Amino acid sequence: QVQLVESGGGLVQAGGSLRLSCAAFGRTGTTLFMGWFRQAPGTEREFVAAISRGGTATYYAESVKGRFTISRDNAKNTVDLQMNTLKPEDTAVYYCAARDYSNSVSTSAGAYKYWGQGTQVTVSS
């Protein structure tokens, strides 16, 4: 069983930065295709970013492209999301997600089998 644990959320002013981290337990990192999703109150969970198993390919939602960067360290079984130039509309609970033994990108939450508990990111204006 894979367990994902997020950390790094918090409150920041618009224009500021935060770094989220996700640690994976129970499986070697290279077997997992990883992604980040977010969900604001009253909305559907939406795709933010994803990274291939080897870390060579990254994918971003248009709304965060150029501001967010996803990276991974397979030696440590961690995936990070560096968020810069944050906007109030980035406010949401951010979730780390993983897919087994796949290297094809999916922006659908239903394609990911494992989920973290979520971490709150609040951006004040």
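Everything numeric in this text was worked out from a predicted model, so none of it was measured. Counting from 1, residues in each chain are numbered in the order their sequence is written. Only residues with pLDDT of at least 70 get local features here, since the model is predicted, and only at 80 or more are side-chain atom pairs given and counted; chain-wide, interface and lining totals rely on the full set of residues. Here the side-chain values reflect all heavy atoms present in the structure, with hydrogen atoms and water set aside.

Moving on to the nonpolar core. Among buried residues, the Ala, Val, Leu, Ile, Met, Phe, Trp, Tyr and Cys ones that are joined through side-chain atoms within 4.5 Å form a nonpolar core. Each residue is placed in one exposure class: buried if its accessible area under a 1.4 Å probe, protein chains only, is under 20% of its type's maximum, exposed if it is over 50%, and partly exposed if it falls in between. One finds L4, M34, W36, L81, M83 and Y94 to be the most contacted residues of the largest nonpolar core, which totals 34 residues. Note on conventions: DSSP H or I runs of at least 4 residues are helices, E runs of at least 2 residues are strands, and numbering of each starts at the N terminus. Mapped onto this core, the elements with two or more residues apiece are β3 (18-25), β4 (32-39), β5 (46-51), β7 (68-73), β8 (78-83), β9 (92-100) and β11 (119-124).

Where charged atoms from two side chains of opposite charge come close, those side chains can pair. In the sections that follow, a salt bridge refers to a side-chain nitrogen of Lys or Arg positioned within 4 Å of a carboxyl oxygen of Asp or Glu. The final tally for this structure, using the stated rule, is seven salt bridges. The partner of K65 in a salt bridge is E62, and the shortest N-O contact between them spans 2.7 Å. Of the residues examined, E62 reaches a relative accessible area of 62% and is grouped as exposed. Linked through salt bridges whose partners overlap, the residues forming this network are R38, E46, R67 and D90.

The phi torsion at N77 lies on the positive side, around 55°, for a residue other than glycine. Within the secondary structure, N77 sits in the loop between β7 and β8. Look at T85: it is not a glycine, yet its phi comes out positive at around 45°. The topology assignment puts T85 in the loop between β8 and β9. A residue is classified by how much of its surface remains accessible, and T85, at 45% relative accessible area, is partly exposed.

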